[in-house]
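Spelled out from the first residue to the last, the chains are:
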Amino acid sequence: MQKLGDFKLPPFFNYPPYFTLQPVRETREKQIQLWKELILDYCRTQKIFVIGLEEEFPLFSNTVIERRAEWLDKVRRKCLILWHRIQDWADIIVNFVKDNGLEDSVMTVEELRSGTESRGTELQGLDRTILLRALKLLEHKGKLAIFKGTSADDEGVKFSI
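Please read all numbers here as calculations on a predicted model, not as lab measurements. (Residues numbered from 1 in each chain as written. Predicted model: local features only at pLDDT ≥ 70, side-chain atom pairs only at ≥ 80, totals over all residues. Heavy atoms only, no water.)

### Description of the overall build of the chain
Next up, step 1: When helices and strands are tallied, the chain shows four helices and nine strands.
Next up, step 2: The linear arrangement of helices and strands in the chain, starting from the amino end, is β-β-α-β-β-β-β-α-β-α-α-β-β.
Next up, step 3: Rg of the C-alpha trace for the chain: 19 Å, well past the compact-globule value of 15 Å for 161 residues, more than 25% over.
Next up, step 4: In terms of principal-axis extent, the alpha carbons of the chain reach across some 55 × 35 × 30 Å. (Helix = DSSP H or I, 4+ residues; strand = E, 2+ residues; numbered from the N terminus. Rg over C-alpha atoms; globule rule 2.2 N^0.38 Å.)

Here it is in structure tokens:
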């Protein structure tokens, strides 16, 4: 089985038609589903949250079969990768807060993604855009308050879970 670092690539990755958009609707839908699952799985295991579309991305080429995916729409520059829905990230935050006894505490946004408590959790290294979207959802639900600091590094969160 072919690997990309420590990530095991599925057998279909060496199948040339996988890299060519299929003309038959049912086949194309299956192909797109396989691509989505592969990208999400790879990004989840490698903790990748944003793909720069003008940069080389390891899944989009296969030197073994000399194939390469091509972008049809060059206007877009980056793609946000959500292997969890924003609601699911919000739930992960709530569970993190409860598991660590932080129900009535204050933390910076940066501590949530890189602090001691977040080490080894899904929050460690979480993309700031995704984290802020999940926090805003929780704020809307009345579970926390976000307050601005003098810089992005000291934005804070007061939990009331």
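Picking up after the structure, the text goes on.
### Details of the domain arrangement of the chain
Next up, step 1: Parsing the chain into structural domains produces domain 1 (3-80) and domain 2 (86-159).
Next up, step 2: Domain 1 and domain 2 are separated by 31 Å when their C-alpha centres are compared.
Next up, step 3: Counting every contact that joins domain 1 to domain 2 gives zero salt bridges.
Next up, step 4: On the surface where domain 1 and domain 2 come into contact, there are two residue pairs in polar contact (both at pLDDT 80 or more).
Next up, step 5: Of the residues that constitute the side of domain 1 that touches domain 2, the class distribution is three nonpolar, no polar and one charged. (Domains from an automatic or database assignment. Salt bridge = Lys/Arg side-chain N within 4 Å of Asp/Glu carboxyl O. Polar contact = N/O pair within 3.5 Å; in protein donor to acceptor, adjacent residues only side chain to side chain. Nonpolar A, V, L, I, M, F, W, Y, C, P; charged D, E, K, R; others polar.)

### Description of the side chain of arginine 113
Next up, step 1: Secondary-structure assignment places arginine 113 in helix H3 (residues 109-114).
Next up, step 2: Within polar-contact distance, the side chain of arginine 113 engages the backbone oxygen of leucine 126 at 2.6 Å.

### Some details on the side chain of glutamine 22
Next up, step 1: When you line up the elements, glutamine 22 lands in the loop between strand E2 (7-8) and helix H1 (25-46).
Next up, step 2: Among the polar contacts made by the side chain of glutamine 22, one reaches the main-chain carbonyl oxygen of proline 17 at a distance of 3.0 Å.
Next up, step 3: Non-local contacts of glutamine 22, meaning those with residues more than four positions away in its chain, are made with Pro17, Thr27, Arg28 and Gln31. (Contact = heavy atoms within 4.5 Å.)

### Focus on the environment of valine 157
Next up, step 1: Tracing the backbone through its elements, the reader meets valine 157 in strand E9 (residues 156-159).
Next up, step 2: Residue classification places valine 157 among the buried residues on the basis of a relative accessible area of 0%.
Next up, step 3: Taking C-alpha positions, valine 157 is 12 Å from isoleucine 93, a pair spaced 64 residues apart along the chain.
Next up, step 4: When residues no more than four places from it in sequence are discounted, the contact partners of valine 157 are Ser105, Val106, Met107, Val109, Leu112, Leu135, Leu144, Ala145 and Phe147. (Buried < 20%, exposed > 50% of the residue type's maximum accessible area, 1.4 Å probe, protein only.)

### Thoughts on helix H2 (residues 86-99)
Owing to its 3.6 residues per turn, the α-helix aligns residues three or four sequence positions apart on the same side.
Next up, step 1: Along its 14 residues, H2 runs 20 Å from first to last C-alpha, staying within 8% of the 20 Å computed at 1.5 Å per residue.
Next up, step 2: Looking at the buried side of H2, the elements it contacts are strand E7 (106-108), H3, helix H4 (128-140) and E9.
Next up, step 3: Just downstream of H2, glycine 101 is the residue with a positive phi angle, here 65°. (Expected span 1.5 Å × (residues − 1).)

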